[in-house]
Amino acid sequence: QVQLVESGGGLVQAGGSLRLSCAVSGRTFSRYAMGWFRQAPGKEREFVAGISRSGRMTDYTDSVKGRFTISRDNARNTVHLQMNSLKPEDTAVYYCAAVDSILPERRSEYDYWGQGTQVTVSS
């Protein structure tokens with residue numbers, strides 16, 4: 001079993017920054033590609049960013065490219081999402097997820113999920 005715990009969410013003004021973290025425990029962290037997803041009220045959950053097992057390959061949805069950066073520390077079993085230039089439309093619950101794969105996936109077919117952390121961006 002793998003446990004994922006997100007942290008770092010909060011309330012920020014438009015243009016501000018937040019850094020989300022996801023602590024992973026239970027199995028070998030480095031065997032999993034990792035992803036961040038988000039779900040806004042009344043909307044479906046969407047892929048935000050993903051990172052490969054090694055950390056060498058990343059993927060972003062178009063709306064966050066150039067503003068968000070995903071990274072991982074395999075020694076500390078953590079994955080981060082640095083979010084800059086935040087916009088009100090980034091407001092959502094953000095979820096960390098792990099998939100037993102070399103590369104991240106944009107579909108929500110991940111093996112393990114965290115409980116989510118709320119990000120609210122005020123205008």
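Please refer to the structure higher up on the page.
Every value quoted in this text rests on a predicted model; they were computed, and no experiment measured them.

Another aspect to go through is the overall build of the chain. In terms of regular secondary structure, the chain is built from zero helices and eleven strands. Along its sequence from the N terminus, the chain presents helices and strands in the succession β-β-β-β-β-β-β-β-β-β-β. Over its C-alpha atoms the chain spans a radius of gyration of 13 Å, differing by no more than 12% from the 14 Å that the globule rule assigns to 123 residues. Each of the three principal axes of the chain carries a C-alpha extent, and together these read 40 × 25 × 25 Å. The burial tally for the chain puts 46% of its 123 residues in the buried class. Across the chain, contacts joining residues at least 24 apart in sequence account for 60% of those joining residues at least 6 apart.

Before going further, it helps to spend a moment on the environment of Ile 102. In this structure, Ile 102 sits in the loop between strand E9 (92-99) and strand E10 (112-113). Put simply, Ile 102 and Met 34 are 68 residues apart on the chain and 9.5 Å apart in space, counted from C-alpha to C-alpha. In this structure Ile 102 touches Ala 33, Ser 52 and Arg 53, once residues within four positions along its chain are discounted.

Pairing analysis gives five bridges linking strand E1 (residues 3-7) to strand E3 (residues 18-25), with the strands arranged antiparallel. Directly across from Gln 3, in E3, lies its bridge partner Ser 25. Relative to strand E8 (residues 78-83), E3 is paired through six bridges, and the arrangement is antiparallel. Bridging from a neighbouring strand, Ser 21 pairs with His 80 of E8.

Glancing now at the pattern of salt bridges. With the rule as written, the count across this model stands at ten salt bridges. Residue Asp 100 is joined to Arg 31 by a salt bridge in which the shortest nitrogen-to-oxygen separation is 2.6 Å. Within this pair, whereas Asp 100 is found in the loop between E9 and E10, its partner Arg 31 is found in the loop between E3 and strand E4 (33-39), the two being separated by 69 residues in sequence. Ionic pairing is found between Arg 38 and Asp 90, a salt bridge with its closest N-O pair at 2.9 Å. Pair noted here: Arg 38 is in strand E4 and Asp 90 is in the loop between E8 and E9, with a separation of 52 residues, a long-range link.

How each quantity is defined
Residues numbered from 1 in each chain as written. Predicted model: local features only at pLDDT ≥ 70, side-chain atom pairs only at ≥ 80, totals over all residues. Heavy atoms only, no water. Helix = DSSP H or I, 4+ residues; strand = E, 2+ residues; numbered from the N terminus. Rg over C-alpha atoms; globule rule 2.2 N^0.38 Å. Buried < 20%, exposed > 50% of the residue type's maximum accessible area, 1.4 Å probe, protein only. Contact = heavy atoms within 4.5 Å. Pairing = 2+ DSSP bridges. Salt bridge = Lys/Arg side-chain N within 4 Å of Asp/Glu carboxyl O.

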